[in-house]
Every structure is written in structure tokens, then in C-alpha cells.
Amino acid sequence: MFGLKEYRAVQSLDEAHELLMQSRDNVILGGLLWMKMGRKQYHTGIDLSGLGLNMISETEDSIDIGCMTPLRQMETSPLLHQWFGPLFSDAFKGIVGVQFRNLATLGGSVYSRFGFSDVITALTALDTQIHLYQAGTVSLSEFLNMDQKRDILIKAVIRKQAVKTNFQTRRKSATDFPVLSVAVSLCNGQWKIAVGARPSRAALAKKAADLLSSEPDEEKITATLDSVVNELSFGTDQRAGSDYRKVLAKVLVKRGINAICR
Amino acid sequence: MQITCRINKREFIRDIEPDLLLIDFVRSLGFKSVKRGCDTSNCGLCTVWVDEKPVLSCSVLAARVNHKAVTTLEGLEEEAKEVGWFLATQGAEQCGFCSPGLIMNILAMKAEFKNPTTEDIKQYLAGNLCRCSGYESQLRAIKNYFDLQGVAHENC
Ligand SMILES: Cc1cc2nc3c(=O)[nH]c(=O)nc-3n(C[C@H](O)[C@H](O)[C@H](O)COP(=O)(O)OP(=O)(O)OC[C@H]3O[C@@H](n4cnc5c(N)ncnc54)[C@H](O)[C@@H]3O)c2cc1C
Ligand code: FES
Ligand code: FES
């Protein structure tokens, strides 16, 4: 099991960053769910719980989600529901259970950049930026593709837009890791199609989305589905083969588009 | 390091190791209803409430409950007895190993939902694994329990 020699509840982000940079054995504590399963012996565990970063707030043009916000708080947030529909509740309901999601944090989930992450898939279908202590503000896709330097993820900022969303996933059992996950959104006539757990992490099928109009006919949808599987890479792991994932991607993306058009 | 917390309304001040987990902390204080059923945060057996929210005590640092209120099954004896009766009546308690975590989460659901549907119940309790019951008898018991609370639920 993992170990900690010291525990520090920090008073500021400056203090947290200074501690993080002091040693490679110091670590930011998210909800601990992933970290706990490892065997690493850390020196200092840095707890951001006292910094008020466990909140979802609203500015004139964005919804800001602090890194310590538990996933359960996101899925039950009336504010997130008002702006993005049931996207987060649909995306998170398969993540283990309520008690787990009362602990797992937004920061730990995004920072880990897991391929299977339903959290990242859902955020990818929105206009999401990530605020980091050192690297500043970057788009979510930039964050996912940049060199993994040690930093602190402070919050996710989602642009407020009149957006329709839908989340689809296939799991072998209700709370297993996803075999594939899809988040689709439509905002001002522009579609976004995010496909995650391919098994690599979520990415947008941009060319495919550009083929769609606000009210696409069958022919356009079929062309879009073909484009999704040509544009994105699909791999094989213990959960599924790449061919199966491609078939699944077409089915789930189609369901997502139809749900939004309905 | 030293922490102060309330467990089942009683105050405890203790010196702990920084990486002590809440499950081991509460058990060391005699709250043995809290058990470990897995190593992967998946089974729900270790469920306790921290400030009224159900969490997996196997995945929480004891250091993090400093100045917080923890509730275990021992602190909810009457309510637990009532839920337990419904489970037993439907034959849902077979080996009974999953019951402490399940009952803690049923009571947490009761605090959050006025009238849970079948789907609500299934989703809320998805993180409470049971090796014996096949869940049907548990579901019947939970619906009966909510009926008795005078709380309507969808009958599907
Ligand atoms: C059994 C199990 C099943 C799961 N199933 C799913 C699933 O089906 N779908 C899904 O999407 N996810 C799943 N997850 C992942 C889970 O939802 C969380 O994403 C994961 O536990 C990490 O979140 P955490 O808050 O627990 O972070 P931790 O485990 O505490 O931290 C993870 C990493 O992120 C770092 N970190 C945490 N917060 C920050 C921050 N603010 N800034 C910088 N670094 C930070 C930590 O130092 C650590 O390296 C599963 C996890 C487990 C253990
Ligand atoms: S012991 Fe299994 S979830 Fe905590
Ligand atoms: S009754 Fe045996 S595990 Fe649930």
C-alpha cells in the first residue's frame, strides 16, 4: 500500500507549490482513490482541502469547478444541470458508486489523464479550459497533450453556452470501466463529438463533426459515423478489440446525435 | 500528528500516523461494524458518513477527518435495526457480510431522496456489492422499507 511520512494541510497555493517542488516524493492529494492503490512511499502529502477549491461557481461567462470538487457534487449540481443538462450525471453514474464519487475529485480525475476517464470525455465535448498554478490557463486538449510537468491543477473553467449534450457509454457491467464512451454536444449549429476509452484518452472527431448540420439527415449521419472511425484511432486491450470498438463508436455516436436532434 | 474529531457524537483526540486510513482508525477505537471487503475501493462494505455524506472509509486519510463528524453503524443503532429487519424478512441477509455498508448507504439515500424510483435505488446502491443475494431480495426489502416511511416510490 502507498505510504506518507507527513501530511500537510496547506494555507495557500503558494505554499502547496513550494512543497511540491521541494521533492519528487511530495505529492498533491486528490480524493486518494487512485493513489491509494499504488505502492509508492511518499514523503509529504499536500492537502488542498482548506483552500475553498471544492466549489462550483459562476462568473458572467463561465462555470468554474475547483479541483477539490467531488464528482458527486458535479453530478448533483443544479448549476451544471441548468447549463449542460444531464451530461455529468449521465457520465459519472457508472463510476463505482456514490460513496466513491463523494471522494473522487475533479482535479485528480483530470490531472491523471486516464484514457478511460468519463470525466475527461464529458469535459472534452464542452468548451473547457484548465487553470494550472505554473503553466497558467490552457485548453483541455492542450493540457491533455502537453508534457507532464509537476504542477497544480487549480480549476476547470467551462464556457457558458446554450448547448445541448448527450453522453453514451458501454460497460461490461454497470460500474466497470467503460469499453467506450462518447459525449456529443451541439452549440450554435456546431457539433462536438468526443470519444474516450478507445482505449486511449478522449479526443474530438473534428472532421466528422463538421459534416453535420443542425438537423442532419440519415445520409449525413452515416457519413459522419464513417468519418469518426477513420479519423480517430481505436486500439485493443483486455476489455475489447479495436474492430469492436469501431462498431461500438458508430452506434454510440449515432445514439448521441439522435438524442440531441430529437 | 494529532487530530480531534467526533465519532457517533463522541469526541476523540488521538495521535495518528499521517497515512492512517479512516477504516483502521475507527476500528482501532472499537467501531468494528466497519469492515474491509476489497483493496480497490469497489465493494462499499467500509461505508461511513463524514459530515453526513457516505464515503469509503478505506479510501480516506484519518488526518482528513480532523474537526469533522464521523458516523458509523454503531451510531445509528435504531435506524439500522429497522432496515436490518426489512432485509432479513425478505431473505436478503444471507452471509450478512455486506449489510453494515449497505445499511449505511440506504440510510444516506433516505436523507437525500424523498421518493427514490427503482432506478434511483439501483444507482445509489450500485457501489454496495453483495456476493449472495442477487440484489432482488435487497431491492424488495428497500422498497418495503421506503413504503413504511410513508414515502412513495415507483412500483416497477
Ligand atoms: C476502482 C476504480 C474504478 C474507477 N473507475 C472509473 C470509471 O469507470 N470512470 C472514470 O472516469 N474514472 C474511474 N476511476 C478514476 C476515478 O474516477 C478518479 O479519477 C481517480 O480516482 C483519481 O481521482 P482522485 O481524486 O481519487 O485522485 P488521487 O488518486 O488522489 O490522485 C491522482 C493523481 O492526481 C494528482 N492530483 C490530484 N489532484 C491534483 C491537483 N489538483 N493538481 C495536480 N495533481 C493532482 C495526484 O497527485 C495523483 O498523482 C476509477 C478509479 C478507481 C480507483
Ligand atoms: S473496503 Fe471495499 S470499498 Fe472500502
Ligand atoms: S449477504 Fe452475503 S455478501 Fe451480501
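Not measured: the values here are computed from a predicted model.

All right, on to empty space enclosed by the protein then. Residues and elements named next belong to chain A. Following the criterion strictly, the structure yields one cavity of 30 Å³ or more and no others. Taken as a whole, the largest cavity spans an internal volume of roughly 30 Å³. Mapped onto the lining of the largest cavity, the elements with two or more residues apiece are α2 (71-75), α3 (78-84) and α4 (87-92). Among the elements that line the lining of the largest cavity, the one with the most residues is α4, at three residues. Its residues assigned to classes, the lining of the largest cavity shows five nonpolar, four polar and one charged.

Residue and element names in this part refer to chain A. A grouping of W34, M37 and F177 is seen on the molecular surface, where their side chains present a nonpolar patch of about 280 Å² in accessible area. Relative to the assigned elements, W34 resides in the loop between β2 (27-29) and β3 (41-47). Judged by relative accessible area, W34 falls into the partly exposed class, the value being 43%.

All names here are of chain B. What the domain assignment reports for chain B is domain 1 (2-74) and domain 2 (77-148). Facing the 15 residues of domain 1 at the interface are 15 residues of domain 2. Of the roughly 1200 Å² buried between domain 1 and domain 2, counting both surfaces, carbon and sulfur atoms make up 68%. Area buried by domain 1 at its contact with domain 2 is led by L45, W49 and L73, which between them contribute 46% of it. Applying the counting criterion to the domain 1 and domain 2 interface returns zero salt bridges. Our count for the domain 1 to domain 2 interface comes out at four residue pairs in polar contact (both at pLDDT 80 or more). Here the element with the most residues in the side of domain 1 that touches domain 2 is strand β3 (residues 47-50); it accounts for three residues.

Right, let's talk about the domain arrangement of chain A for a bit. For chain A, the assigned domains read domain 1 (3-47), domain 2 (56-159) and domain 3 (163-261). Computed from C-alpha coordinates alone, the two centres of domain 1 of chain A and domain 3 of chain A are separated by 36 Å.

Residues and elements named next belong to chain A. Following the criterion strictly, the structure yields 17 salt bridges over all chains and no others. R8 serves as the salt-bridge partner of E15, at 3.2 Å between the closest nitrogen and oxygen. Owing to a relative accessible area of 22%, E15 belongs among the partly exposed residues under this scheme. When its relative accessible area of 32% is taken as the criterion, R8 is described as partly exposed. When the shortest N-O distance is used, the salt bridge between K155 and D64 registers 3.2 Å. Taken together, the positions of K155 in strand β8 (residues 153-159) and D64 in strand β5 (residues 62-66) put the pair 91 residues apart, joining distant regions of the chain. The partly exposed category is assigned to K155, whose relative accessible area is 23%. What makes D64 buried here is its relative accessible area of 9%.

This next bit is on the layout of surface pockets. Estimates place the volume of the largest pocket at around 1200 Å³. Surrounding the largest pocket, 50 residues form its lining, W34, M35, G108, S112 and F114 of chain A being those nearest its centre. Those elements giving two or more residues to the lining of the largest pocket turn out to be β2, α6 (106-111) and α7 (118-124) of chain A. The space that makes up the second largest pocket amounts to roughly 880 Å³. Taken together, 32 residues line the second largest pocket, and the ones lying closest to its centre are S49, N54, P70 and N102 of chain A together with K68 of chain B. Counting residues per element, the ones that place at least two in the lining of the second largest pocket are β1 (3-9) and α2 of chain A together with β4 (53-56) of chain B.

The rules behind these values
Residues numbered from 1 in each chain as written. Chains lettered and ligands numbered in written order. Predicted model: local features only at pLDDT ≥ 70, side-chain atom pairs only at ≥ 80, totals over all residues. Heavy atoms only, no water. 1 Å grid on protein atoms, 1.4 Å probe; cavity = no way out; pocket = protein on both sides within 12 Å on 5 of 7 lines; lining within 4 Å. Points joined across faces, edges and corners; volume = space filled by probe spheres on them. Helix = DSSP H or I, 4+ residues; strand = E, 2+ residues; numbered from the N terminus. Nonpolar A, V, L, I, M, F, W, Y, C, P; charged D, E, K, R; others polar. Patch = residues over 30% accessible without salt bridge, like charges linked within 9 Å, V, L, I, M, F, W, Y side chains within 5 Å. Areas by Shrake-Rupley, 256 points an atom, 1.4 Å probe, with all protein chains shown as cover. Salt bridge = Lys/Arg side-chain N within 4 Å of Asp/Glu carboxyl O. Buried < 20%, exposed > 50% of the residue type's maximum accessible area, 1.4 Å probe, protein only. Domains from an automatic or database assignment. Contact = heavy atoms within 4.5 Å. Buried area = accessible area lost by both parts, 1.4 Å probe. Polar contact = N/O pair within 3.5 Å; in protein donor to acceptor, adjacent residues only side chain to side chain.

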